[in-house]
Amino acid sequence: MYDPRWARDWDAVGLVCGDPETPVRRVLLAVDPAPSVIDEALTWRADLVITHHPLLLRPVHGVPASTQKGRVVHQLVRGGCALYTAHTNADVAAPGVSDALARVLGLTDLVPLSADDADPMDKIVTFVPEAAVEKVIDALAASGAGELGEYQRCAWTAAGIGTFVQGPPPAPLLGQADDGHEEGDGGSEAARAGGRDTHRGAHEADREPGERESVEERRVEMLVPRQRRPAALAALRLAHPYAEPAIDVLELAPWSGPRGIGRVGTLGTPTSLREFAMLVAEALPGTAQGVRVAGEPTAVVQRVAVCGGAGDSLFDAVRGSGADVFVTADLRHHPASELRDRAGEGPPYLVDVAHWASEWPWLAGVANRLEGAMDELGRPIEVHVSTRTTDPWTFRLPSPGGVVR
Ligand SMILES: [Zn+2]
């Protein structure tokens, strides 16, 4: 669900402690690997805790129990409980942390606020005599090429004429070893571009060196994930009737994929900023901070950007998205002031919530998906969402104002 390769390079995700060989029956989910959560896990006899925030983000040289984080590691190991972190890899996943936040606010038509590049893709182009086209497409498809969404074996072809001139007879053995076809004397044919075609063997035997030859071929194009390139090229060479097939490999430009930080979506009906803030307050778990808003309460909002956790690095993306309001956490004075000064009276407005509360809705979805996936495998597990609030703030006083002294 959360490939570690999707994590930002500064992040620390994956297994923090625990033996991968140990069976897992009970899993506790939490935002933070806080002491209260670890207590809850050990009391419930969890085998695994999955948290969003890393326990050890900065490098450490030891985990002595005399340090707070070292003590957590000791408690977990002694209690037979593993710890696993899915942080920025869960942020960018689709669905990910911000999808969950967007859904509890009732947003639909979600797209990433700042999209990651999709997995790198190549386009393989080759030129195949008519009779071998289906075989070459089959071979490429079997190697992982031609998958497009829910479609498989996608290819595009166009007819054309290949032409070449037979070179002088080659030295013995040249070009016969790599063809992969069992075939009488074909291996002694010239191995120049387009030089040997098993399907025209008899005809070719009549050809004189220096004679101009034209062949009906098809240009075949298929997409392939870049990491599958070696397998696809090997399959293509094996299936293609020519000893030296013409092959172009085109590296496609980076392109937005479904993953990325934050989400933008739409409310069913336009609503006032005040009503929207009330909706946010009701949808998220209770915190001392509650919901802070920057903008006129009567302003109308419908297009909404969200980012679970600290999102003030995304203001350019928020402005570019056309969002009326941005829901995130940990907004600081200067970035927030500058965004609002630039916006004048208009959008985007800001809604700031507690960091923990903004990421908490993700846990319920993880629980459902994990339980569902393990049920399907016939190995059901129990997954609970932690009931502990790990927001550090405990109370808040409204400041009633008065003369600034
Ligand atoms: Zn966070």
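Residues numbered from 1 in each chain as written. Predicted model: local features only at pLDDT ≥ 70, side-chain atom pairs only at ≥ 80, totals over all residues. Heavy atoms only, no water.

Bringing the side chain of Asp 324 into the picture now. Turning to its location among the elements, Asp 324 is positioned in the loop between helix H9 (315-321) and strand S13 (325-329). For the buried residue Asp 324, which engages in no salt bridge, the nearest side chain bearing the opposite charge is Arg 303, 7.2 Å off. Only 2.8 Å separates the side chain of Asp 324 from the backbone nitrogen of Gln 302, close enough to count as a polar contact. In this structure, Asp 324 is in contact with Val 300, Val 301, Gln 302, Arg 303, Pro 347, Pro 348 and Tyr 349, ignoring residues within four places of it in sequence. (Helix = DSSP H or I, 4+ residues; strand = E, 2+ residues; numbered from the N terminus. Buried < 20%, exposed > 50% of the residue type's maximum accessible area, 1.4 Å probe, protein only. Lys, Arg positive; Asp, Glu negative; His and termini not counted. Salt bridge = Lys/Arg side-chain N within 4 Å of Asp/Glu carboxyl O. Polar contact = N/O pair within 3.5 Å; in protein donor to acceptor, adjacent residues only side chain to side chain. Contact = heavy atoms within 4.5 Å.)

This part is about helix H5 (residues 133-142). Among all positions of H5, only Val 133, Val 136, Ile 137, Ala 139 and Leu 140 are buried. Taken down its axis, H5 places every buried residue within 160° of arc, on the same side. Lining the buried residues of H5 we find strand S6 (121-129), strand S7 (156-165), strand S8 (212-225) and helix H7 (229-239). Downstream of H5 by one or two residues, Gly 144 has phi in the positive range, about 110°. (Arc of directions from axis to C-beta.)

With that settled, consider the environment of Leu 101. Tracing the sequence through the fold places Leu 101 in helix H4 (residues 97-104). What makes Leu 101 buried here is its relative accessible area of 0%. Beyond its immediate sequence surroundings of up to four residues, Leu 101 is in contact with Leu 284, Val 306, Cys 307, Gly 308, Val 327, Ser 358 and Pro 361.

Right, let's get into unusual backbone geometry. Apart from glycine, the bulk of residues carry a negative phi angle, and the bulk of peptide bonds sit in the trans form. Here the residue pair Ala 94 and Pro 95 is connected by a cis peptide bond, since its omega of 5° sits within 30 degrees of zero. The residue Pro 95 is located in the loop between helix H3 (88-92) and H4 in this model. Look at the link from Pro 347 to Pro 348: it is a cis peptide, with omega at 5°. Within the secondary structure, Pro 348 sits in the loop between helix H10 (333-343) and strand S14 (349-353).

Scanning the model with the defined rule gives 17 salt bridges in all. One salt bridge connects Asp 122 with Arg 229, and the closest N-O pair in it is separated by 2.5 Å. With Asp 122 in strand S6 and Arg 229 in helix H7, the pair connects residues that are 107 residues apart, well separated along the chain. In this structure Arg 229 comes out as partly exposed when scored by relative accessible area, which is 23%. A salt bridge links Asp 352 to Arg 292, with the shortest nitrogen-to-oxygen separation between them at 3.1 Å. Taken together, the residues span a long stretch of sequence, with Asp 352 in strand S14 and Arg 292 in strand S11 (residues 292-294) at a distance of 60 residues. On the accessibility criterion, Asp 352 (4% relative accessible area) is buried. With a relative accessible area of 46%, Arg 292 lands in the partly exposed category.

Time to look at the coordination of the zinc ion. All of the protein donors around the zinc ion are His 53 (NE2), His 355 (NE2), Glu 359 (OE) and Glu 359 (OE); their distances to the metal are 2.1 to 2.4 Å. The coordination sphere of the zinc ion comprises four donor atoms, whose angles at the metal cover 57 to 130°; the geometry is irregular. Read in sequence order, the donor residues for the zinc ion give the motif H-x301-H-x3-E. Pair noted here: His 53 is in the loop between strand S3 (48-51) and helix H2 (68-78) and Glu 359 is in helix H11 (residues 355-359), with a separation of 306 residues, a long-range link. Residues His 53 and Glu 359 agree in their burial class; the two are buried. (Donors = N, O, S within 2.8 Å, 3.2 Å for Na, K, Ca; no water. Tetrahedral: all angles 85-135°; square planar, octahedral: opposite > 155°, others 65-115°.)

Adjacent strands of a sheet form backbone hydrogen bonds with each other and so pair up, either parallel or antiparallel. Spatially, S7-S8-S6-S9 is the arrangement adopted by the four strands of the open sheet, whose pairing is antiparallel. Strands at the two margins of the open sheet, each flanked by one partner only, are S7 and strand S9 (247-251). Put simply, the sheet's adjacent strands are angled 25° from each other on average, direction ignored. When S6 meets S8, the two strands line up antiparallel, connected through nine bridges. (Pairing = 2+ DSSP bridges. Axes fitted to C-alpha atoms, helices over the stretch in contact; angles between N-to-C directions.)

Strand order in this open sheet of five strands is S1-S4-S3-S2-S15, and the pairing throughout is mixed. For this open sheet the edge positions go to strand S1 (14-17) and strand S15 (382-385), each flanked by a neighbour on one side alone. Between one strand and the next, the sheet's axes are offset by a mean angle of 25°, whatever the strand orientation. Judged from the four bridges that link them, strand S2 (residues 26-30) and S3 form a sheet pairing that is parallel. Across the sheet, Ala 30 pairs through a bridge with Thr 51, a residue of S3. Where helix H1 (residues 35-43) meets the sheet, its contacts fall on S2 and S3, and the angle it forms with S2 comes to roughly 165°. This element, helix H12 (residues 361-376), spans S2, S3 and S15 of the sheet and lies at about 175° to S15.

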